[in-house]
Amino acid sequence: LSLTGERRESFQLDIGRTLYYGLDKKQVEDDLFPIVDLINNGNGLKLIEFAHANLRAAQKARNLSAFQSASSYAAHGLSLLKEDKWSSNRSLTLELYTMGAEVEVMLGNVEVANRYSNEVLSQTDISKLEALPLKMARASSIAHTEVKFDKALEYYIQVLRELGCRVTWTRRLVPVQSIVKLMKTIKKVKAKPLCFYEKMVPIDDKGQKAIAYVYAKLLWVSFAAGDILLFLLCACNLVDLTLEYGVNEFSAKAFASLSSGIIIGMQDVETATKFNMIAMSMLKKFRGINNSETTFICYGPCSQWVKTFEDLIPTLGDAVSDGMRAGDTEFAIWNLLAHRFLLAYNIGKPIASILKDAPSTMIQCEDTSQSLQAMALQVIWQFLKILTSNDEAKLESDIFTAEDDSETNHAHLSFVHFAKGELLLFNADYEVAAKRALEVGEAYEKLLPNGLWKFIELFHRAIPLYAAARLTKKRKYKGEAKRLLKQVTTWANDGNPNVQYYCMFLTAEQLALDKAYDAAEQKYEEAVAAVTAAGHLHHIALINERYADYLSERSMTEKSKERLHESIRYYKEWGAWGKVEKLESRL
């Protein structure tokens, strides 16, 4: 347009108003952003009719995860309200402030979000349910922007108390209360056939919906804070809410979380699988209800016991876009990390192919203000980068430093713990790695129970223990190595498809330690065949390396060299060049 100044603004306003009122509802919705932009550019007066339009645009932008645009629309909508807004347009005012607070939290703008929240909470006639979204925004800021999960946990408990719901009479009773509740809930769920859950209807009690909403957030924060017993109690209470009042938008998540909790607390894969099946059926029936988060739990920690990692990757990948479309950026990014990095590492994809996604993923973490995922990615990025180099087995470098650690951030600490173990396994002496394995024990599982690196972490802890046991003959290594073999054997016998060759290989190591040489060699061959069929490059290389060491100890020099060459070939294909250099020096 060649017009300038007020004439241009007036012309844009006229065009925007004509389109807003002249087009049908669908046409306005399709072109809502440019229409509202025209109105905003030309609206010099405080016209309340267009505050509604800005609210609609903010809601649409938020649902598209365009949080910066949503923030701008909410702020502009608020600027169009009159001074007596709380008396003349209470409902619209409340919605705009609530929307503004929610998206500012997503953007990490805590000060602005608090200003919006305080404006609403200062009104004397605000009900508990009206105030709830503002309080939840504040709690989300504490958890995800400040990364203070313990503080957020207490905040959520207080919000539930204000809604008339006591999680527990005292925190000291949580251990007993959670175990008793878990047994009762399992019994109630098992007593009903699967068809009962398929026929359930949605909840219609607003108060119970609100309680379920808070419980769902407390559930995740409890896990992130490392309070697994409170996590179990929250999952049980959410399941009970579903059984008593009907399906709410967090019901599928509740059953999936309890499935994971049953594995953590009871190692009962059969019962856990039933709970997971209920969650999946609810997910299909009520599609779009917290789909990304529930998919992460169902097809990540729960399904890894019964499905191969390769089978899980596509579903978790699809959940990324589902989460982004629904505005669930938190679990959209967790799904992104799971399928691009965690599961990719489990199946030994070339390191270079994993690393190429790191920069773009970090940008997505930052754009969506997901600080916890960004911290985890820093650790992953750093240790993978070190594996491709000749550096020492030290995690801290240009991408990650220990300053990022937090004692209350258990999830982050679990990534640091895992990374340190991996660097010692591949870049250091086996006895050094074995000493650490004895020192740390089950620390990883305590930090992140039933995480996606649960199986590989234990497997990689057992390998240096067996190597050190054969080298030093010390009982401390032998005993711990045998204990870990027993655990892996239990998983394999229960049908876990992801640990079958783990079990074969560790059994070969135990047979070699027991000097049952013929049986050991046969089991090594079985393990090599199984891992090669799986195509997991890191483990093909690692198992061939250990087989070469065994053959060398047996003075079978030529066969040992053959296996060593195979190990080097696969380490090269995987991209662990520091390891390649060390092994080549042995030829």
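Let us look at the structure shown here. (Residues numbered from 1 in each chain as written. Predicted model: local features only at pLDDT ≥ 70, side-chain atom pairs only at ≥ 80, totals over all residues. Heavy atoms only, no water.)

## Some points on the overall build of the protein
Convention followed: Helix and strand definitions follow DSSP, with helices as H or I runs of at least four residues and strands as E runs of at least two, each counted in order from the N terminus. Note on method: radius of gyration uses C-alpha positions; expected globular size equals 2.2 Å times residues raised to 0.38. The classification of residues rests on relative accessible area computed with a 1.4 Å probe and restricted to protein chains. Under 20% of the type maximum is buried, over 50% is exposed, and intermediate values are partly exposed. Only the protein chains shown count as cover for residues, and the accessible areas themselves come from Shrake-Rupley with a 1.4 Å probe.
Within the protein, the secondary structure is distributed over 32 helices and zero strands. Its C-alpha radius of gyration of 28 Å places the protein within 12% of the 25 Å reference for a compact globule of 587 residues. Projecting the C-alpha coordinates of the protein onto the three principal axes gives extents of approximately 90 × 60 × 40 Å. Out of the 587 residues in the protein, the part that is buried amounts to 55%. Accessible area of the protein: about 24,900 Å², with a carbon and sulfur share of 52%.

## Here's the deal with the layout of surface pockets
This is how it is decided: Grid points spaced at 1 Å and placed over the protein atoms alone form the basis of the search, with a cavity being a set where a 1.4 Å probe fits but cannot get out and a pocket an open set showing protein on both sides within 12 Å along at least five of seven lines. Lining residues have an atom within 4 Å of a point. Grid points are joined across faces, edges and corners, and a volume is the space filled by probe spheres set on the points. Polar here means any residue other than Ala, Val, Leu, Ile, Met, Phe, Trp, Tyr, Cys and Pro, which are nonpolar, and Asp, Glu, Lys and Arg, which are charged; Gly is therefore polar.
Counted as a void, the second largest pocket has a volume near 270 Å³. Along the walls of the second largest pocket sit 14 residues, with Asp429, Tyr430, Ala467, Arg546 and Asp549 positioned nearest its centre. Put simply, the parts of the chain that give the lining of the second largest pocket at least two residues each are helix 24 (430-440), helix 26 (454-472), helix 30 (537-553) and helix 32 (577-584). Examining the composition of the lining of the second largest pocket, we find that four residues originate from one element, helix 30, more than from any other. Classifying every residue of the lining of the second largest pocket gives four nonpolar, no polar and 10 charged.

## Focus: empty space enclosed by the protein
Tallying each qualifying case throughout the model produces four cavities of 30 Å³ or more. By volume, the largest cavity is sized at about 340 Å³. Lining the largest cavity are 21 residues; nearest its centre among them are Trp220, Phe223, Phe296, Pro301 and Leu448. Only helix 13 (206-224), helix 15 (251-266), helix 17 (291-302), helix 19 (329-346) and helix 23 (410-427) provide two or more residues apiece to the lining of the largest cavity.

## Some details on the environment of Pro314
Its location among the elements puts Pro314 in helix 18 (residues 309-326). The spacing of Pro314 and His339 is 25 residues in sequence and 7.6 Å in space, taken between C-alpha atoms.

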